[in-house]
Number of protein chains: 2
Amino acid sequence: MELEKTVKVGVIGFGTVGAGVVSCILENGDMICGRTGIRLKTCQIADIDISRDRGIALPDGVLTTDVSGLIENSDIVVELVGGTTKAKEFILEALSKGKPVVTANKALLAEHGEELFAAAQASDANIYYEASVAGGIPIIKALREGFVANRIEKIVGILNGTCNYILTKMEDDNAPFDAVLKEAQELGYAESDPSFDIDGIDTAHKASILASLAYGEWFGMKPVLTEGIRDLKLCDIRFASQLGYRIKMLGIIKQSDGDIELRVHPALLQRNRILADVSGVFNAVMIKANPVGETLFYGRGAGRDATASAVAADIIDAALNLQFGSHRRVPAFRIGRQFKSLLDHSEIKSRYYLRLEVVDRPGVVAAVSSILGKNEVSISSFLQAESEDREAKYASLLILTHLANEGALRKSVEEMSDLECVKDKPVILRIEDI
Amino acid sequence: MELEKTVKVGVIGFGTVGAGVVSCILENGDMICGRTGIRLKTCQIADIDISRDRGIALPDGVLTTDVSGLIENSDIVVELVGGTTKAKEFILEALSKGKPVVTANKALLAEHGEELFAAAQASDANIYYEASVAGGIPIIKALREGFVANRIEKIVGILNGTCNYILTKMEDDNAPFDAVLKEAQELGYAESDPSFDIDGIDTAHKASILASLAYGEWFGMKPVLTEGIRDLKLCDIRFASQLGYRIKMLGIIKQSDGDIELRVHPALLQRNRILADVSGVFNAVMIKANPVGETLFYGRGAGRDATASAVAADIIDAALNLQFGSHRRVPAFRIGRQFKSLLDHSEIKSRYYLRLEVVDRPGVVAAVSSILGKNEVSISSFLQAESEDREAKYASLLILTHLANEGALRKSVEEMSDLECVKDKPVILRIEDI
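A short tour of the structure in this document, coming up.

Parameters at a glance
Residues numbered from 1 in each chain as written. Chains lettered and ligands numbered in written order. Predicted model: local features only at pLDDT ≥ 70, side-chain atom pairs only at ≥ 80, totals over all residues. Heavy atoms only, no water. Salt bridge = Lys/Arg side-chain N within 4 Å of Asp/Glu carboxyl O. Helix = DSSP H or I, 4+ residues; strand = E, 2+ residues; numbered from the N terminus. Buried < 20%, exposed > 50% of the residue type's maximum accessible area, 1.4 Å probe, protein only. Pairing = 2+ DSSP bridges. Contact = heavy atoms within 4.5 Å. Buried area = accessible area lost by both parts, 1.4 Å probe. Polar contact = N/O pair within 3.5 Å; in protein donor to acceptor, adjacent residues only side chain to side chain. Nonpolar A, V, L, I, M, F, W, Y, C, P; charged D, E, K, R; others polar. Least-squares fit on C-alpha atoms with pLDDT ≥ 70 in both.

**A short note on the pattern of salt bridges**
All names here are of chain A. All told, the structure shown has 72 salt bridges over all chains when counted by the stated rule. Measuring nitrogen to oxygen at the nearest pair gives 3.6 Å for the salt bridge that ties Lys 86 to Glu 89. Residue Lys 86 and its partner Glu 89 are located together in helix 3 (residues 86-96), separated by three residues, close to a single helical turn. Classification of Lys 86 as partly exposed rests on a relative accessible area of 48%. Classification of Glu 89 by relative accessible area gives partly exposed; the value is 46%.

Have a look at this one:
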């Protein structure tokens, strides 16, 4: 029988996830100890509000408002306050005292990762952040350890449960964006200010972290092409469906001949691909790599319990490293650039879906297709959709392209906008062939 | 910059997977070193045949037939010879010399795991076996580390690519088992003696390993209910499809109130579940656990490259543990029983699909349903399928049951077989509700 080692865990932030982590340690602590020999003890929990009842019985003295005291008393510090100001201070303070830190804070990592990981290295402690991407799915461990011998060719992820819930509902219920968002807010699947989720910022945070892990350089948020789902029209979901596609909000990281694309936007996925079947609040990450080939990881991307699972796994990893004195065994982040260049957004290559509202008269198709031809954008399929309004003077023209250059595509669309027969701004969506 | 450490890797078995591992180290070695600080050096490769060209340029002296010499010279020993005799000797010899062992040998682990892990513990070395289950999918790491804080409620896996290829082809091409098996053999997806795969033994090996990891006791092969796909009829695939199901070969591990079921058999899965969409040679494992909820892992379950990815990841894990002196950080296997009892096969609870060939006359349905009722098997749906042969005197009666006891179901079917109106042996398939 291996010896049991008690490790003192201090949790900063006793909100939903904090309560989930503390519950998990209380309920599954004996089992965890049986599996690992580590006895986790939640020694202190810090929060501004230490009076509210979270439904968890705690011994006196565990709850505190004194974060510095908690850091001092803990072997491992868990940061679950969120945000990028206080959280950063707490993490830096813990690291400066040589305490390993576990965090689920993707915004903080994506925006200040470089500084935090430098601090971790200087302190010879470590930061663990499995819960920061795709919640309960152990994707950081898979990417960094499971696929350590692989060249990453592509990562395509459904990384935001709110967006995926909204898109699933729009398609299933044939309901417009605004109505579904309102319902999601009532159900607690979307925040009262939903912009972080629906404008793609949260997905971009996660995509940036995954890209950095895959390619060994800290990217931050600046290079990520980020478009949200706020303006997505129900008719495009329906047209996509008729064409055999489903629209998903994706984080896309691609490498080709050493060039990397880093982007976040809604995209059309072929309906017969597994990623297209991921519905509701679930997340999934597809990784294509050499030699492993195509893989996919699926699970709950957020919420108290799924996040608690990932945080607890990190706590155990940190505890084992304390026990074995191997705390830099897998560094939080290792610099080692594994790509040539990061492509400018205009250099991205994709297939595209275009929807133009056009005057229904001869010559329109010729005008539009000649613009595409001139810009070397090749058409893979052309469809004039029947209007639902029989009196309508306009028709929807749907164009799917072969692989094209984003710059050339945008130039084409600008030229089309100038055509007298084209009404409204053309809708551009990318098609993701996995 | 972290220091570089060179680790000598000895590979026993230079077949398809062995060549894949050696290639992976050669091609991705610089990148692996950039990521981990570990410089892998394939110091020796042992095989009976050291003259055949595998298309890999190796320095003189690397190829050898002397396994003991290889073990002596290596920091880490990789066993890829397969089988349960020589492979076991090699592993025990390496462990006795304190060398960590990486293996992909599921048959050996499932049948002799207890002895091998005891030897690993006694030697204070370790056995790494990510490649033994689901090939390139890092499922062992996910289960043992990613979900270390979780109570495992259910594992349902498509764990054998040969079976999944055959079932996919039977459905897609409307072709009978024998024809598809022959084609699979010609394509190299099935062995010339396919019984290990199609009779479920390979799936049972893998399911047994996963169950042991999940519940902390080494199960071996004996308790696994194992049924293959050899007798599966095309008509049942078609009927299942009409009813909204797809038949998949599954490894199923379930826990309910502390009781465990361990079984391997073809089963009907609802077509709208992601697992039902896993086609061809791909593998997938669904894990339901508390607190993480439902997760799924998908990828190539076999083949040179996917297996090489998993073996290489284990080599790095072992190498990091050598570097940090943390070689028992995550033991190969840790005893710690986390269940009450292992259910006898007759105590299993499942939903069932029954097909009876019956004489097409009044009273048959009443006779059959009264037998089920008497045995407390509740019917969820009843369908008399139209015969494709209009002259046929027999009709196919399809019965789907609610959750029922396997013993009661088998007793019912025995009684039905005695009915004069029932021809042939009734077909019993289980329905897996995920």
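Still more to cover.
**Description of the sheet that holds strand 5 (residues 101-103) of chain A**
Residue and element names in this part refer to chain A. Pairing in this open sheet of six strands is parallel, and the strands run 3-2-1-4-5-6 from one edge to the other. Unpaired on one side and paired on the other, strand 3 (63-64) and strand 6 (127-128) mark the two borders of the sheet. In terms of strand pairing, strand 1 (residues 5-12) meets strand 2 (residues 38-46) through eight bridges, oriented parallel. For Val 11, the partnering residue across the bridge sits in strand 2 and is Ile 45.

**Considering the interface of chain A and chain B**
Contacts between chain A and chain B engage 57 residues on the former and 57 residues on the latter. The junction of chain A with chain B conceals about 5,300 Å² of combined surface from both sides, 53% of it contributed by carbon and sulfur atoms. The three residues of chain A that bury the most area against chain B are Arg 35, Arg 329 and Arg 334 of chain A, which together make up 16% of that side's buried surface. One salt bridge in this structure joins Lys 141 of chain A and Glu 145 of chain B, with 2.7 Å as the shortest N-O distance. There are 32 residue pairs in polar contact (both at pLDDT 80 or more) connecting chain A and chain B. Secondary-structure elements contributing two or more residues to the side of chain A that touches chain B are helix 1 (16-36), helix 5 (139-146), strand 7 (151-158), strand 11 (282-290), strand 12 (293-300) and helix 11 (304-324) of chain A. Per element, the largest residue contribution to the side of chain A that touches chain B is ten residues, and it comes from helix 11 of chain A. Residues belonging to the side of chain A that touches chain B are distributed by class as follows: 27 nonpolar, 16 polar and 14 charged. Pairing geometry for strand 12 of chain A and strand 12 (residues 293-300) of chain B, over three bridges, is antiparallel. Paired with Phe 297 of chain A across the strands is Phe 297 of chain B, a residue of strand 12 of chain B.

**Concerning the side chain of His 265 of chain B**
Residue and element names in this part refer to chain B. Along the chain, His 265 turns up in strand 10 (residues 259-270). Among the polar contacts listed, one links the side chain of His 265 to the side chain of Arg 263, at a separation of 2.9 Å. Look past the residues within four positions of His 265 in its chain and what remains in contact with it is Leu 225, Glu 227, Lys 248, Met 249, Leu 250, Ile 252 and Arg 430.

**Here we look at the pairing of strand 18 (residues 422-432) of chain B**
All names here are of chain B. Sheet analysis places strand 10 next to strand 18, joined by three bridges and oriented parallel. Bridge pairing in strand 18 links Leu 268 to Ile 431. Pairing of strand 14 (residues 349-359) with strand 18, which is carried by seven bridges, proceeds in the antiparallel orientation. Bridge pairing in strand 18 places Val 358 opposite Val 422.

**Some thoughts on the relation of the copies chain A and chain B**
Superposing chain A onto chain B takes a rotation of 180° combined with a translation of 0.0 Å along the rotation axis, leaving an RMSD of 0.0 Å. Both copies of the chain, as the preceding transformation shows, are related through a two-fold rotation axis. Minimal C-alpha distance to the rotation axis in chain A is attained by Phe 297 of chain A, lying at 2.3 Å.

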